[in-house]
Amino acid sequence: MEPRPTAVRPPIHLRIADDIRMQIERGELPPGAALPTLAEISAKWSCGMNSARGAIALLRAQGLITSGRGKAPVVRIPPRRVIRSSERHQIEKDLALQPEAERGAIGEAETNLNMSIGAQRFSSQYDRVQAGPELAKVFDVEPTTLMLRRQWEATDPDTDLRLSWSVSHIPLDIVKGNPALLDPNNEPWPGGTQHQLSTVGVEIMKMVDEVTARMPTTVEAQLWGLSAGVPLIFCRRISIDADGRVIETSDADYPADRTELHFVTPLRPWPKKRQA
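Source: prediction; values computed, not measured.

### Observations regarding the overall build of the chain
Right, so step 1: When helices and strands are counted, the chain shows 10 helices and 10 strands.
Right, so step 2: Sorting the 276 residues of the chain into buried and exposed places 38% on the buried side.
Right, so step 3: Across the chain, the fraction of contacts at a sequence separation of at least 24, relative to all contacts at a separation of at least 6, is 60%.
Right, so step 4: Split by element, the accessible area of the chain, about 16900 Å² in all, is 54% carbon and sulfur.

### Some words on helix 4 (residues 88-95)
Right, so step 1: Those residues of helix 4 not exposed but buried are Arg 88, His 89 and Leu 95. Buried residues of helix 4, viewed axially, fall in a sector of 125 degrees; they line one side.

### Quick word on the packing of helix 1 (residues 12-25) against helix 2 (residues 38-45)
Right, so step 1: One can describe the packing of helix 1 onto helix 2 by two numbers: an axis separation of 12 Å at closest approach and a directional angle of 105 degrees. Judged by the angle between their axes, helix 1 and helix 2 are roughly perpendicular. Two secondary-structure elements touch here, helix 1 through Ile 12, Ile 16, Asp 19, Ile 20 and Gln 23 and helix 2 through Ile 41, Lys 44 and Trp 45.
Right, so step 2: In terms of residue class, the contact of helix 1 with helix 2 is made up of five nonpolar, one polar and two charged.

### So, the packing of helix 2 against helix 3 (residues 49-61)
Right, so step 1: Helix 3 packs onto helix 2 with a crossing angle of 110 degrees between their chain directions and a minimal axis gap of 9 Å. Overall, the two elements helix 2 and helix 3 adopt an arrangement that is roughly perpendicular. In this structure, helix 2 crosses over helix 3, and the sense of that crossing is right-handed. Mapping the contact onto sequence places Leu 38, Ala 39, Ile 41 and Ser 42 in helix 2 and Met 49, Ala 52, Arg 53 and Ile 56 in helix 3.

### Describing the pattern of salt bridges
Right, so step 1: For the coordinates displayed, the defined rule picks out 17 salt bridges.
Right, so step 2: Between Glu 248 and Arg 150 there is a salt bridge whose closest N-O contact spans 3.2 Å. With Glu 248 in strand 9 (residues 246-255) and Arg 150 in strand 5 (residues 146-155), the pair connects residues that are 98 residues apart, well separated along the chain.
Right, so step 3: On the basis of relative accessibility, which here comes to 1%, the residue Glu 248 falls in the buried class.
Right, so step 4: In this structure, the salt-bridge partner of Arg 245 is Asp 241, at a minimum N-O distance of 3.0 Å.
Right, so step 5: Judged by relative accessible area, which is 8%, Asp 241 ranks as buried.
Right, so step 6: When salt bridges with common partners are traced through the structure, they connect Asp 18, Arg 21 and Glu 25 into a single cluster.

### Focus on the side chain of Arg 237
Right, so step 1: For Arg 237, the position within the fold is in strand 8 (residues 232-241).
Right, so step 2: A polar contact of 3.1 Å, which involves the side chain of Arg 237, links it to the side chain of Glu 248.
Right, so step 3: When neighbours within four sequence positions are excluded, Arg 237 is seen to be in contact with Arg 88, His 89, Met 207, Val 208, Asp 209, Glu 248, Thr 249 and Ser 250.

### Thoughts on the sheet that holds strand 7 (residues 204-214)
Right, so step 1: Taking strand neighbours across the sheet as the criterion, the six strands line up as 4-5-6-9-8-7 in an open arrangement whose pairing is antiparallel. Looking at the sheet topology across the chains shown, the edges are occupied by strand 4 (121-130) and strand 7. Direction aside, neighbouring strands of the sheet carry axes that sit 15 degrees apart on average.
Right, so step 2: Across the sheet, helix 4 is in contact with strand 7, strand 8 and strand 9; its angle to strand 7 comes to roughly 140 degrees.
Right, so step 3: Helix-sheet contacts for helix 7 (residues 132-139) involve strand 4, strand 5, strand 6 (162-171), strand 8 and strand 9, and the interaxial angle to strand 9 is about 120 degrees.

### Brief notes about the nonpolar core
Right, so step 1: Ile 16, Ile 20, Leu 35, Ile 41 and Leu 59 are the most contacted members of the largest nonpolar core, which has 16 residues in total.
Right, so step 2: Where this core is concerned, the elements lending two or more residues are helix 1, helix 2 and helix 3.
Right, so step 3: In contact with Ile 16, not counting residues within four places along its chain, are Ile 41, Trp 45, Cys 47, Ser 51 and Ala 55.

### Re helix 1
Right, so step 1: With 14 residues, helix 1 should cover 20 Å at 1.5 Å per step; its first-to-last C-alpha distance of 20 Å lies within 8% of that length.
Right, so step 2: Within helix 1 the residues assigned to the buried category are Ile 16, Ala 17, Ile 20, Gln 23 and Ile 24. Buried residues of helix 1, seen end-on, are gathered within an arc of 120 degrees and therefore sit on one face of the element.
Right, so step 3: Positive phi shows up at Gly 27, right after helix 1, with a value of about 85 degrees.

So, how was this worked out
- Numbering of residues starts from 1 in every chain and runs along the sequence as written.
- At least 70 in pLDDT is required for a residue's local features to be given in this predicted model, at least 80 for side-chain atom pairs to be given and counted, and no such filter applies to totals for whole chains, interfaces and linings, which use all residues.
- Processing note: side-chain calculations cover all non-hydrogen atoms of the structure and skip hydrogens and water entirely.
- Helix and strand definitions here come from DSSP, where helices need a minimum of 4 consecutive H or I residues and strands a minimum of 2 consecutive E residues; each element is numbered from the N-terminal end.
- Only protein chains enter the accessibility calculation, which uses a 1.4 Å probe; a residue is then buried when its area is under 20% of its type maximum, exposed when over 50%, and partly exposed in between.
- In what follows, a contact means two residues having at least one pair of non-hydrogen atoms within 4.5 Å.
- Exposure was quantified through the Shrake-Rupley algorithm and a 1.4 Å probe, taking into account, for residues, occlusion by the shown protein chains and nothing else.
- Working note: the arc is built from the helix axis to C-beta atom directions.
- Helix axes are fitted to C-alpha atoms over the stretch in contact, other axes to C-alpha atoms as well, and angles between N-to-C directions run from 0 to 180 degrees.
- When an angle is under 35 degrees it counts as roughly parallel; over 145 it counts as roughly antiparallel; between 65 and 115 it counts as roughly perpendicular; any other value is oblique.
- When residues are sorted by character, Ala, Val, Leu, Ile, Met, Phe, Trp, Tyr, Cys and Pro go into the nonpolar class, Asp, Glu, Lys and Arg into the charged class, and all the rest, Gly among them, into the polar class.
- Left-handed describes a crossing whose near helix is turned anticlockwise from the far helix by less than a right angle; the clockwise case is right-handed.
- Salt bridges are defined as contacts in which a side-chain nitrogen from Lys or Arg sits within 4 Å of a carboxyl oxygen from Asp or Glu.
- Definition of a polar contact: a pair of N or O atoms within 3.5 Å, with one able to donate and the other able to accept a hydrogen when the atoms are protein atoms, and with sequence-neighbouring residues admitted only if both atoms are side-chain atoms.
- Two strands pair under a simple rule: DSSP has to find at least two bridges between them.
- Remark: nonpolar core denotes a set of buried residues (Ala, Val, Leu, Ile, Met, Phe, Trp, Tyr, Cys) joined through side-chain atoms within 4.5 Å.
- An expected span of 1.5 Å times one less than the residue number is assigned to each helix.

What is shown is where atoms sit, not what they do.
Set out below in structure tokens:
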């Protein structure tokens, strides 16, 4: 007989959670459906109440179910998905050349959230800060370089939950030629950042998106209304001009359960080969 390791059965709470998870994946327990009670789980799997609670906790940690104090757990209902496409960079650049009326009618709220800015509670905050070591490396400037830091937040007035959040950094020397760009009272700016930069003679020629993810803090989960087990996606957009100069960084958070990042990458054709 060939040597072989001893087979180890997974603990009962994991087997219960797997069974219920597969029922959810097969659609046997659709979104919003109630889960079996702890007593029903204990009876069906011949286990104690602690094992039943452990299975429910594991399903909650995986983001498959939701529950509240005094409320029975149900299969999680997926929130509305928002598609954030890299194609919007060109759309925003083209929009920067249009009249103010057209620029003001279309923004991130309309293109990404599919809702008007008027339906949101929007706020902005402007500060002047030093670049510091991390941004100094990105912008290739001294850490003491003054930056214009702009923070934007949109929340749903009905739920008070966050709809979007981002923070932007631009070297102050680039935008100080137009005092209007330093005033948060001019937000939301018709046409966004690309039009703002056009007023000081800057044209963006390349966008770089850097994407990472991590689990949210308790505060972040509360602000976004995140269920247990749902991570946050972090996207840094780096705007570069024709001279290769980094003009702006924009850092945004996106809940992973309601965000689809859609990247479009145009490819240059191969050189044509001579016919033999």
